[in-house]
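Below, each chain spelled out in residue letters.
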Amino acid sequence: MATKKDYYEVLGVDKKATKEDIKKAFHKLAHKFHPDKGGGDVDKFKEVSEAYSILSDDKKRAEYDSYGRVFGGGAGAGQGGFNGNFDFSQFQDAFQNGFGFDFGDVFSDFFAGQAGTRVRRGRDISIDLEISFKESVFGTKRTVLLAKTAQCETCKGSGATPGTKLETCKVCNGAGKVHETNSSFFGSISVTRACTTCHGTGQVPKEKCHTCRGEGVYKKQEEIDIMIPAGINGGEMIRLTGAGEAVAGGAPGDLYVKIHVTPDPRFKKEGSNLVTELSVKLSDALLGGDYAIQTLDGEEKLDIPQGVAHGEVLHVRGRGVPNPRGKRGDLLVKVKINLPQKLSRSAKSLIEKLREEGI
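Attention here is on the structure that accompanies the text.

Cut-off values and rules
Counting of residues starts from 1 at the beginning of each chain's written sequence and follows it residue by residue. Confidence filtering applies because this is a predicted model: local features only for residues at pLDDT of at least 70, side-chain atom pairs given and counted only at 80 or more, and all residues used for totals across whole chains, interfaces and linings. For the side-chain quantities, the full set of heavy atoms in the structure was used; hydrogens and water were omitted. Here, strands pair whenever DSSP counts at least two bridges between them. Where helices and strands are cited, they refer to DSSP runs of H or I of at least four residues and of E of at least two residues respectively, numbered from the N terminus. For helices, the fitted axis covers only the stretch in contact; all axes are lines through C-alpha atoms, and the angles between them, taken along N-to-C directions, range from 0 to 180 degrees. Working definition of a nonpolar core: buried Ala, Val, Leu, Ile, Met, Phe, Trp, Tyr and Cys residues. They are joined through side-chain atoms within 4.5 Å. Under the scheme applied here, a residue whose accessible area is under 20% of the maximum for its type counts as buried, over 50% as exposed, and between as partly exposed, the area being computed with a 1.4 Å probe on protein chains only. Contacts were defined at the residue level, with two residues in contact if any of their heavy atoms lie within 4.5 Å. Here a polar contact is recorded for every N or O atom pair within 3.5 Å, except that within protein the pair must consist of a potential hydrogen donor and a potential acceptor, and residues adjacent in sequence are included only if both atoms are side-chain atoms. For classification purposes, an angle smaller than 35 degrees is called roughly parallel, one larger than 145 roughly antiparallel, one from 65 to 115 roughly perpendicular, and anything else oblique. By definition, turning the near helix anticlockwise from the far helix through less than a right angle yields a left-handed crossing, and turning it clockwise yields a right-handed one. Here the nonpolar group is Ala, Val, Leu, Ile, Met, Phe, Trp, Tyr, Cys and Pro; Asp, Glu, Lys and Arg are the charged ones; every other residue, Gly included, is treated as polar. Patch membership needs two things, relative accessible area over 30% and no salt bridge, and members are linked within 9 Å if like-charged or within 5 Å if nonpolar (Val, Leu, Ile, Met, Phe, Trp, Tyr). Note on areas: these come from Shrake-Rupley sampling with a 1.4 Å probe, and a residue is covered only by the protein chains present in the view. What counts as a salt bridge is simple: a side-chain nitrogen of Lys or Arg found within 4 Å of a carboxyl oxygen of Asp or Glu. Each cavity reported here is a set of points on a 1 Å grid over the protein atoms alone in which a 1.4 Å probe fits but cannot get out, each pocket an open set with protein on both sides within 12 Å along at least five of seven lines, and each lining residue one with an atom within 4 Å of a point. Grid points are joined across faces, edges and corners, and a volume is the space filled by probe spheres set on the points.

What follows covers the sheet that holds strand β8 (residues 237-240). The three strands are arranged β1-β9-β8 in an open sheet whose pairing can be described as mixed. Two strands bound the open sheet, and with one partner strand each, they are β1 (125-132) and β8. Put simply, the sheet's adjacent strands are angled 25° from each other on average, direction ignored.

What the four strands build is an open sheet, ordered β10-β11-β15-β14; its pairing is mixed. Of all the strands in the sheet, just β10 (268-270) and β14 (313-316) have a single pairing partner and so form its edges. Within the sheet, the average angular offset between the axes of one strand and its neighbour, ignoring direction, is 40°. Relative to strand β15 (residues 331-338), strand β11 (residues 273-281) runs parallel, the two being bridged by eight bridges.

A word on the nonpolar core. Counting 20 residues, the largest nonpolar core has L278, L302, I304 and V333 as its most contacted members. Sorting the residues of this core by element identifies α7 (133-138), β11, β12 (289-295), β13 (298-304), β14 and β15 as the ones contributing at least two each. A per-element tally of this core places β15 first, with four residues. Residues within four places of V333 in sequence aside, it is in contact with T276, L278, I293, L302, E312, V313, L314 and V316. In terms of nonpolar packing, the next biggest core, distinct from the first, is built from 19 residues, F26, L29, L55 and Y64 among them.

Once that is clear, we can look at the pairing of β8. Of the two faces of β8, only one is covered, namely that formed by I238 and L240; the face formed by M237 and R239 stays uncovered. Inspection of the sheet shows β8 paired to strand β9 (residues 255-262) by four bridges, in the antiparallel sense. Of the residues in β9, the one forming a bridge with R239 is Y256.

Next up on the list: the side chain of D264. For D264, the position within the fold is in the loop between β9 and β10. On the basis of relative accessibility, which here comes to 16%, the residue D264 falls in the buried class. Within the structure, the side chain of D264 is placed 2.9 Å from the backbone nitrogen of R266, a separation counted as a polar contact.

Moving on to the packing of helix α2 (residues 19-33) against helix α3 (residues 42-55). Relative to each other, α2 and α3 sit at 165°, their axes nearing to 9 Å. Taken together, the axes of α2 and α3 are roughly antiparallel relative to one another. You can see that α2 and α3 cross each other, and the crossing is left-handed. Counted together, I22, K23, F26, L29, A30 and F33 of α2 and V42, K44, F45, V48, S49, Y52 and L55 of α3 form the full contact between these two elements. Here the residues of the contact of α2 with α3 sort into ten nonpolar, one polar and two charged.

Further remarks concern a nonpolar patch on the surface. Residues L286, L287 and I359 make up a contiguous nonpolar surface patch of roughly 330 Å² in combined accessible area. Under the relative-accessibility criterion, L287 is labelled exposed at 66%.

This model, assessed by the stated rule, comprises 17 salt bridges. Where R239 meets D254, a salt bridge forms, and the shortest distance between an N and an O atom there is 2.7 Å. Of this pair, R239 sits in strand β8 while D254 is found in the loop between β8 and β9, placing the two residues 15 residues apart along the sequence. The exposure class of D254 is buried, given its relative accessible area of 2%. Here E352 ties to R355 by a salt bridge, and the two come within 2.8 Å at their closest N and O atoms. Highlighted residues: E352 and R355, both in helix α9 (residues 345-356), separated by three residues, approximately one helical turn. With relative accessibility at 58%, the residue R355 sits in the exposed group. Where salt bridges share partners, they join R121, D124, R239 and D254 into one cluster.

Quantified by volume, the second largest pocket comes out at close to 300 Å³. Along the wall of the second largest pocket there are 18 residues; nearest its centre are T197, H199, Q203, P205 and G214. Per-element accounting of the lining of the second largest pocket gives the leading share, three residues, to strand β6 (residues 203-205). Its residues assigned to classes, the lining of the second largest pocket shows five nonpolar, ten polar and three charged.

Just distances and angles here, no functional claims.
Printed below as a string of structure tokens:
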């Protein structure tokens, strides 16, 4: 079982320490244990970083003081310690205010090296698309025209003129990465970045493609087909993997399509069923009759049973929303009995007779 950590003890401060005391203690210990310094200790550095991430945040500190752990996020006491998922923006603010450099970049590069090389990825694109109610029920196909960065069709993303060869990048000597050393409060910190000349591939075109000028990508207008599934609801999102913006030497982003459905005054969806209302005359409610109703498949006849009640629901089988198995729900017809506001003498006389008979 993991030993419960005392974050105040880790930083060497009292439980009543101010934010300024905690910041100073962290600065001192981080400088002492930073892995790039002689005699540094990566485990101790992570431990003091974890402690500072909790105690420098008022909400997290209050939770830690009350319960001995932090809920809904970062590591707490007894949870196995640092996992590399801290928000370093607070460290960046503290050091940027005091020492004038971007500490967030240093940390992100340092810990990215522990997690492995991160593949470059193009920007995601988000669009809104409006469809009719009927299209949302049965599904449809839409084609949109987007202006975005796309892979060059001439060189297929290589950046080279077709038929010519690639050569080793002279900037990174084919490694695809370059090493940089930044001066910081902790001393010199070495980081590794993807080479911007070859975009991390280690090779550059001997003769650049004339279409994209050797970049492998360029701005263009592209038509994209969007298949909208049957039964989709307004507000749902469709994700098209790889349909976002392309990036040289990396994977394209995704396209997110948010669906907006234009309401139909005649119908509403309830799961796989459609709901509509039908006004019925009093005489037809008493004696029964046939009514023509509108469905999304066209006009159909509906048999009104004798003695139907106000609010009663009649089913039209198989005229609802298709499900993934290919079956459809029903059309639910809610009966509304239309009572006359005025009666003629003869109608009133007939109603009086019905009342005498107890109807």
